[in-house]
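Descriptive analysis of the structure
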2 protein chains.
Amino acid sequence: MSLDSFFNPESIAVIGASEDPKKLGYEVFKNLLDFGEKIYPVNKNEEEVLGEKAYKNVSEIEDAVELAVIIVPAEYVPEVIEDFGKNGGKAAVIITGGFREAGREELEKEVLNVAEKHGVRIIGPNTAGVQNTHNRLKATFTREAKKGKIAFLSQSGALGGAMIYKTSARNIGLSKFVNVGNMVDVDFSDLLGYLDGDETTDAIAIYMEGVRKGKKFLNSAKQCSKPIIVLKGGKSESGSKATYSHTGSMAGSPRVYDGIFRQAGIITADSFEEMFAMARAFGQPTPRGNKVAILTNAGGGGVLLSDKIDKHGLQLADLDERTKEELREALPPIASVKNPIDTIASARGKEYEKSVSVIMEDDNVDILIVVHVIPTFTGMSKVEHAEGVIDAVKEKKAVKPIVTSFLADDIAEDSRELLENEGIPCYNSLEAAASGAYALYKYSTGRN
Amino acid sequence: MSLDSFFNPESIAVIGASEDPKKLGYEVFKNLLDFGEKIYPVNKNEEEVLGEKAYKNVSEIEDAVELAVIIVPAEYVPEVIEDFGKNGGKAAVIITGGFREAGREELEKEVLNVAEKHGVRIIGPNTAGVQNTHNRLKATFTREAKKGKIAFLSQSGALGGAMIYKTSARNIGLSKFVNVGNMVDVDFSDLLGYLDGDETTDAIAIYMEGVRKGKKFLNSAKQCSKPIIVLKGGKSESGSKATYSHTGSMAGSPRVYDGIFRQAGIITADSFEEMFAMARAFGQPTPRGNKVAILTNAGGGGVLLSDKIDKHGLQLADLDERTKEELREALPPIASVKNPIDTIASARGKEYEKSVSVIMEDDNVDILIVVHVIPTFTGMSKVEHAEGVIDAVKEKKAVKPIVTSFLADDIAEDSRELLENEGIPCYNSLEAAASGAYALYKYSTGRN
């Protein structure tokens with residue numbers, strides 16, 4: 001069975017839906033009302049939930065129910081799954097906690113056995129839930145993520161939720177969100193298989209503390225044709241101990257994980273910021289090598305970014321003599337046409353267009369990074385440089401990847417929006433831009 | 001002569017002030033009008049600038065002029081300094097570019113000679129200028145920084161300006177801003193000496209590409225009693241080459257700089273984000289050691305933060321048995337009272353207060369980090385956990401340093417403001433919190 005029932009169900013039962021705004025069953029049911037009409041509240045003690053007729057059991061529902069979202073106390077979960085499975089249910093998101101993580105592994109096993117008997121797949125238990133932004137399915141108590149192209153899988157519910165707030169605030173769109181919970185059934189491997197075939201997903205970002213079946217994960221990651229970026233928790237001695245108290249599972253030797261990640265061509269990130277910076281870079285042409293050209297109006301930005309790309313194993317491209325000649329013609333006389341190319345502050349949008357265009361044609365360049373500091377004193381338009389970059393990219397039909405970093409937070413917002421709308425990632429920091437460029441390169445080589 | 005004339009002058013002449021909004025002389029003069037009354041525009045071709053009577057030369061000004069801000073073309077700078085010096089001028093910020101960085105080292109030397117003859121000190125040339133947020137002095141064409149306790153010195157004008165936007169957008173306050181420019185006279189060393197005696201400065205943050213007088217810098221850094229945090233551009237091979245094209249000076253061997261930084265007890269940062277995260281941590285009690293307690297309502301946050309502190313050479317504290325006992329009493333039954341302490345999501349503000357209070361009394365703990373994920377489902381107030389932390393800190397009169405990370409961007413803003421107002425740094429990422437804690441520790445050991 002495909003996991004599609006989790007993300008595109010025909011109908012949903014919320015078992016444990018509640019009228020009490022302090023309960024998770026209230027939040028979850030309310031969140032699901034955006035999805036569509038076939039949402040059924042199930043609660044033994046209620047006649048109605050939020051104006052919808054409530055059912056005592058799934059078996060009472062006239063319609064076939066494809067997905068169940070379960071928020072009843074742990075001890076009732078097996079019988080709920082039994083009822084759901086007997087009535088043709090296909091997938092269950094078990095939000096309820098109090099299983100393995102509370103020492104009740106037996107109960108968790110029982111849930112799995114009942115589910116397997118009926119062919120019901122499970123996400124959870126102890127999960128914050130699932131979202132599909134492309135049909136507004138929110139089987140979760142967390143906030144709705146912005147629609148986008150990154151699938152985000154998290155082994156921490158609380159951090160997963162926090163990252164939904166963070167990505168939303170920073171205009172980073174997600175395609176799917178899954179907090180995997182205790183992974184009694186559906187695990188990272190299964191989800192990789194599903195997401196590989198998901199058209200709305202360009203890249204898969206994972207916060208992982210540990211996997212139980214290393215070989216299964218390695219195989220599914222190897223088979224997945226999309227970029228996978230992993231932030232691994234518990235990489236250090238202290239972190240590994242902390243993982244143990246958190247999920248009761250060993251984080252495992254960092255070296256074992258490093259080996260799996262390397263073999264599978266997985267890109268590893270060091271922070272959530274870096275993970276999303278990397279994931280956002282995709283949807284671009286694939287670079288043929290690791291040679292980077294930097295175009296900037298801030299000399300210091302060229303210096304710092306050079307340090308950052310060096311750290312990632314990328315190199316400054318030696319520009320072709322003809323490129324330098326054309327840049328010399330295009331730019332102000334005191335501009336530096338040696339890579340990093342410093343246009344100096346007086347260069348305008350048209351000069352950016354010409355420069356990007358020239359650099360894109362240089363065979364020595366595999367990736368272009370534009371580092372821009374909004375000029376505050378020359379009467380230039382705030383967005384003319386972004387427009388220049390976009391015009392050049394359109395003209396050249398984006399033959400090579402380009403990432404940009406428009407520094408200066410708030411006043412760069414308009415430029416960022418213009419660039420992102422054209423599929424050109426625009427970062428708020430040099431480090432993020434370097435990570436994005438690195439991810440593109442790493443993905444292109446990891447697949448060879 | 002103290003450098004105070006740059007930051008607290010009695011009177012200022014803007015030489016090259018202009019009525020033309022496209023010129024730097026317009027921006028600079030306009031910016032300075034906020035400072036006070038004794039601001040005199042000097043321009044040979046104007047009668048008035050922005051409604052103020054313009055002077056042909058400094059010598060025409062009736063009043064004594066302490067500070068000159070110079071924006072006339074490079075070739076006129078020597079005679080301008082001559083006129084200014086003869087009339088008792090003390091300090092000049094030379095914004096004008098086109099000196100050493102354009103191959104005109106002779107002209108730069110001439111400027112220095114004239115200045116020395118008259119005892120005039122110089123910041124620049126080729127500088128974006130100087131700000132003192134505590135008296136609203138803005139001898140610069142960039143935006144006004146927010147008032148605060150971090151002195152920020154930058155060797156890049158464009159990045160310096162961009163960071164003023166960035167710190168403002170993120171509510172990070174600066175005490176002084178100096179873009180050092182070509183450092184023909186006043187250099188990092190002089191500024192360290194001055195800032196050490198500046199009451200409005202708690203920490204000194206520097207973006208540095210290179211210093212010419214290594215020994216002088218080492219000595220002044222050693223003598224400076226305040227924390228110095230340096231972000232060094234040109235640390236890698238690529239970056240070093242880029243530095244050369246940027247400022248024409250060698251970045252120098254990374255190992256030489258590492259040696260200087262280590263000997264001087266300087267804290268090094270890897271990015272602007274980290275530099276400001278570190279600088280913001282100060283104004284706290286000094287930690288006695290490297291043992292960290294983590295209090296969190298997100299297990300995954302405890303795991304990732306443990307990795308981060310480990311990377312910085314900090315360690316998880318072994319909590320005293322009595323502490324664990326008291327935490328067990330204070331927190332929900334399934335909370336984990338082993339460090340990292342996981343309060344679980346249902347813990348409320350009062351429980352945070354009690355926990356912080358108990359942890360602060362544990363002699364095994366040197367630094368406390370609170371990692372908080374705003375709960376989105378339990379009807380709790382968004383700020384009660386921040387209030388709990390604040391109450392505990394007040395009660396204990398802040399005997400040990402505490403840093404916090406309230407994740408989730410926008411909805412955490414209110415909590416962040418409350419904490420910051422009480423002098424408790426509150427970061428938007430785990431990495432920043434770890435960097436802040438590390439900086440406090442490093443400063444405490446670097447001074448031994």
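What you see is a predicted model; the values in this text were computed from it and never measured.

**Notes on the overall build of chain A**
- Regarding its fold elements, chain A presents 16 helices and 20 strands.
- For a compact globule of 448 residues, the expected C-alpha radius of gyration is about 22 Å, and chain A comes in at 25 Å, within 12% of that figure.
- With the C-alpha coordinates aligned to their principal axes, the bounding extent of chain A is approximately 80 × 45 × 35 Å.
- Relative to all contacts within chain A whose residues are 6 or more apart in sequence, the contacts with residues 24 or more apart total 72%.
- Accessible surface, chain A: about 16,800 Å² in total, of which carbon and sulfur atoms supply 46%.
- Measuring between centres, the 54 positive side-chain charges of chain A sit 4 Å from its 66 negative side-chain charges.

**A few points about the sheet that holds strand β10 (residues 147-154) of chain B**
Residue and element names in this part refer to chain B.
- Within the open sheet, the seven strands sit side by side as β9-β8-β11-β10-β12-β13-β14. Their pairing is mixed. Of all strands in the sheet, those bounded by a partner on one side alone are β9 (137-140) and β14 (267-269). Sheet twist, expressed as the average angle between the axes of neighbouring strands with direction ignored, equals 20 degrees.
- Lying on the sheet, helix α6 (residues 188-196) is in contact with β10, β11 (174-179), β12 (203-208) and β13 (228-232); it crosses β12 at an angle near 170 degrees.

**Regarding the relation of the copies chain A and chain B**
- Taken as rigid bodies, chain A and chain B are interconverted by a rotation of 180 degrees and an axial shift of 0.0 Å, the fit giving an RMSD of 0.0 Å. Here the symmetry operator amounts to a two-fold rotation axis. Considering only C-alpha atoms, the part of chain A nearest the rotation axis is Glu273 of chain A, at 5.8 Å.

**Let's talk about the nonpolar core**
- If you look at the biggest cluster of nonpolar residues, it comprises 104 residues, and the most contacted ones within it are Phe152, Phe272 and Ile369 of chain A together with Phe152, Phe272 and Ile369 of chain B.
- Aside from chain neighbours lying at most four places away, what touches Phe272 of chain B is Leu304 of chain A together with Phe152, Leu159, Met163, Tyr207 and Leu231 of chain B.

**Structural notes on the pairing of β9 of chain B**
Residues and elements named next belong to chain B.
- Residue alternation in β9 divides its side chains into two sets, Leu137 and Ala139 and Lys138 and Thr140, and both sets are buried.
- Relative to β9, strand β8 (residues 129-132) is paired through four bridges, and the arrangement is antiparallel. Bridge pairing in β9 links Gln131 to Lys138.
- Linking two consecutive strands that pair antiparallel, namely β8 and β9, is a turn of four residues; a positive phi of about 60 degrees is found at Arg136 within it.

**Topic: helix α14 (residues 384-396) of chain B**
Residues and elements named next belong to chain B.
- Over its 13 residues, α14 runs 18 Å from end to end, which matches the ideal 18 Å to within 8%, given 1.5 Å per residue.
- Turning to α14, its buried residues number three or more, namely Glu384, His385, Ala386, Gly388, Val389, Ile390, Ala392, Val393 and Lys396.
- For α14, the elements touching its buried residues are α13 (349-360), β18 (367-373), β19 (402-407) and α15 (413-421).
- Positioned one or two residues after α14, Lys397 has a phi angle of 50 degrees, which is positive.

**Considerations on the packing of helix α6 (residues 188-196) of chain A against helix α7 (residues 214-223) of chain A**
Residues and elements named next belong to chain A.
- Viewed as axis vectors pointing N to C, α6 and α7 meet at an angle of 10 degrees, and their least axial separation amounts to 8 Å. The angle between α6 and α7 falls in the class roughly parallel. Considering the relative orientation of α6 and α7, their crossing is left-handed. Note on element contacts: α7 touches α6 through Lys216, Phe217, Ser220, Ala221 and Gln223, opposite Phe188, Ser189, Asp190, Leu192 and Asp196.

**A word on the interface of chain A and chain B**
- Taken together, the contact between chain A and chain B spans 62 residues of the former and 63 residues of the latter.
- Taken together, the two surfaces of chain A and chain B that pack against each other cover about 4,700 Å², and 59% of this comes from carbon and sulfur.
- Remark: the boundary between chain A and chain B carries three salt bridges.
- Residue Asp270 of chain A pairs with Lys311 of chain B through a salt bridge whose shortest N-O separation is 3.4 Å.
- Across the contact surface, chain A and chain B share 14 residue pairs in polar contact (both at pLDDT 80 or more).

**Description of the packing of α13 of chain B against α14 of chain B**
All names here are of chain B.
- Axis separation between α13 and α14 bottoms out at 7 Å; the angle between their running directions is 35 degrees. In this structure, α13 crosses over α14, and the sense of that crossing is right-handed. From α13, Gly349, Tyr352, Glu353, Val356, Ser357 and Met360 reach across to α14, where they touch Glu384, His385, Gly388, Val389, Asp391, Ala392, Val393, Glu395 and Lys396.
- Classifying every residue of the contact of α13 with α14 by side-chain character gives six nonpolar, four polar and five charged.

**Notes on the pairing of strand β10 (residues 147-154) of chain A**
All names here are of chain A.
- Among the eight residues in β10, six count as buried, and that is most of the element.
- Crossover handedness for the path β10 to helix α5 (residues 157-169) to strand β11 (residues 174-179): right-handed.
- In this sheet, strand β12 (residues 203-208) lies alongside β10 in parallel orientation, the contact comprising five bridges. Within β12, the position partnered with Ile150 by the bridge is Ala203.

**Brief notes about the sheet that holds β12 of chain A**
Residues and elements named next belong to chain A.
- Judged by pairing direction, the sheet is mixed, and its seven strands sit side by side in the order β9-β8-β11-β10-β12-β13-β14 without closing on themselves. Each of the sheet's edge strands pairs with one partner strand only, and the pair in question is β9 (137-140) and β14 (267-269). Across this sheet, the average inter-strand angle for adjacent strands is 20 degrees, counted without regard to direction.
- Here six bridges tie β10 to β11, and the two strands are oriented parallel to one another. Opposite Phe152, over in β11, you have Phe177 as the bridge partner.

**Observations concerning the UniProt feature "domain: CoA-binding" (unreviewed entry) in chain A**
- On the UniProt side, "domain: CoA-binding" (unreviewed entry) is annotated at positions that read residues 6-99 of chain A here.
- The span residues 6-99 of chain A carries 22% helix and 21% strand; its end-to-end C-alpha distance comes to 21 Å.

**With respect to helix α2 (residues 24-32) of chain B**
- For α2 of chain B, a buried count of seven out of nine residues is recorded, marking the element as mostly surrounded by other parts of the structure.
- At its buried positions, α2 of chain B is contacted by β1 (12-15), β2 (39-42), β3 (48-49), β4 (52-53), β5 (67-70) and β9 of chain B.

**So, the environment of Phe99 of chain B**
- One can find Phe99 of chain B in the loop between β6 (91-94) and α4 (105-118).
- Separated by 25 residues in sequence, Phe99 of chain B and Gly124 of chain B have C-alpha atoms that sit 9.9 Å apart.

**Quick look at a negative patch on the surface**
- A surface patch of negative charge is lined by Glu19, Glu37, Glu48 and Glu52 of chain A.
- Along the chain, Glu52 of chain A turns up in strand β4 (residues 52-53).

**Brief notes about the environment of His134 of chain B**
Residue and element names in this part refer to chain B.
- Topologically, His134 is positioned in the loop between β8 and β9.
- Setting aside chain neighbours within four positions, we find His134 in contact with Lys147, Gly148, Leu174, Ser175 and Thr200.
- A polar atom in the side chain of His134 sits 2.9 Å from the backbone oxygen of Gly148.

**Re the side chain of Lys232 of chain B**
- With respect to the secondary-structure elements, Lys232 of chain B resides in strand β13.
- Asp307 of chain A is the oppositely charged side chain nearest to the buried, salt-bridge-free Lys232 of chain B, at an N-O distance of 6.8 Å.

**Structural notes on the environment of Ala345 of chain A**
Residues and elements named next belong to chain A.
- One can find Ala345 in the loop between β17 (341-342) and α13 (349-360).
- Residue Ala345 is classed as partly exposed on the basis of its relative accessible area, which comes to 30%.
- Sequence separation between Ala345 and Ala298 is 47 residues, and the spatial gap between their C-alpha atoms is 7.1 Å.

**Description of unusual backbone geometry**
- Going from Gly124 of chain A to Pro125 of chain A, the amide bond is cis rather than trans, its omega being -5 degrees.
- Within the secondary structure, Pro125 of chain A is located in the loop between β7 (121-123) and β8 (129-132).
- Looking along the chain, the bond that leaves Asn339 of chain B and enters Pro340 of chain B is cis, with omega of 0 degrees.
- Inspection of the secondary structure assignment puts Pro340 of chain B in the loop between α12 (321-330) and β17 (341-342).
- Positive phi outside glycine occurs at Ile344 of chain A, with the angle close to 60 degrees.
- Relative to the assigned elements, Ile344 of chain A resides in the loop between β17 and α13.

Parameters at a glance
Numbers given to residues run from 1 along each chain, matching the order in which its sequence is written. Lettering of chains starts at A and numbering of ligands starts at 1, both following the order in which they are written. Two thresholds apply to this predicted model, a pLDDT of at least 70 for residue-level local features and 80 or more for giving and counting side-chain atom pairs, whereas whole-chain, interface and lining totals are computed over all residues. The side-chain values count all of the structure's non-hydrogen atoms but skip hydrogen atoms and water molecules. Secondary structure is summarised from DSSP: a helix means a run of H or I of at least four residues, a strand means a run of E of at least two, and numbering begins at the N terminus for each. Two things to know: the radius of gyration comes from C-alpha atoms, and the globule rule equals 2.2 Å times the number of residues to the power 0.38. Here, residues are in contact when the closest pair of their heavy atoms is within 4.5 Å. Note that accessible areas follow from Shrake-Rupley with a 1.4 Å probe, and for residues the cover is restricted to the protein chains shown. Positive charge is attributed to Lys and Arg, negative charge to Asp and Glu, and no charge count is given to His or to the chain ends. To locate a charge, the coordinates of NZ of Lys, CZ of Arg, CG of Asp or CD of Glu are taken. DSSP calls a pair of strands paired once it identifies at least 2 bridges connecting them. Lines fitted to C-alpha atoms define the axes here, with helix axes fitted over just the stretch in contact, and angles between the N-to-C directions of these axes take values from 0 to 180 degrees. Here the copies are superposed with least squares, the fitted atoms being C-alpha atoms of residues at a pLDDT of at least 70 in both. The set of buried Ala, Val, Leu, Ile, Met, Phe, Trp, Tyr and Cys residues whose side-chain atoms join them within 4.5 Å is what this entry labels a nonpolar core. Buried means the residue's accessible area, taken with a 1.4 Å probe over protein chains only, is under 20% of the maximum for its type, while exposed means over 50%, and partly exposed covers the values in between. Helix span, as expected, comes to 1.5 Å for every residue beyond the first. Throughout this description, any angle smaller than 35 degrees is read as roughly parallel, any larger than 145 degrees as roughly antiparallel, any in the 65 to 115 degree range as roughly perpendicular, and the remainder as oblique. Note: crossing handedness is left-handed where the near helix turns anticlockwise from the far helix by less than a right angle, and right-handed where it turns clockwise. Joining two parts hides part of their accessible area as seen by a 1.4 Å probe, and the buried area is that hidden amount summed over both. Salt bridge, as used here, is a side-chain nitrogen of Lys or Arg placed within 4 Å of a carboxyl oxygen of Asp or Glu. For the purposes of these results, a polar contact is taken to be a pair of N or O atoms within 3.5 Å, where, inside protein, one atom must be able to donate a hydrogen and its partner to accept one; residues adjacent in sequence count only when each atom of the pair is a side-chain atom. Only Asp, Glu, Lys and Arg are considered charged in this grouping, and only Ala, Val, Leu, Ile, Met, Phe, Trp, Tyr, Cys and Pro are considered nonpolar; every other residue, Gly among them, is considered polar. With strands facing away from the observer, any crossover in which the path from the first strand over the helix to the second runs clockwise is taken as right-handed. UniProt positions are given in the numbering used here, feature names are shortened, and annotations may be inferred rather than shown by experiment. Patches in this entry comprise residues that are over 30% relatively accessible and not in a salt bridge; like charges within 9 Å are linked, as are nonpolar side chains (Val, Leu, Ile, Met, Phe, Trp, Tyr) within 5 Å.

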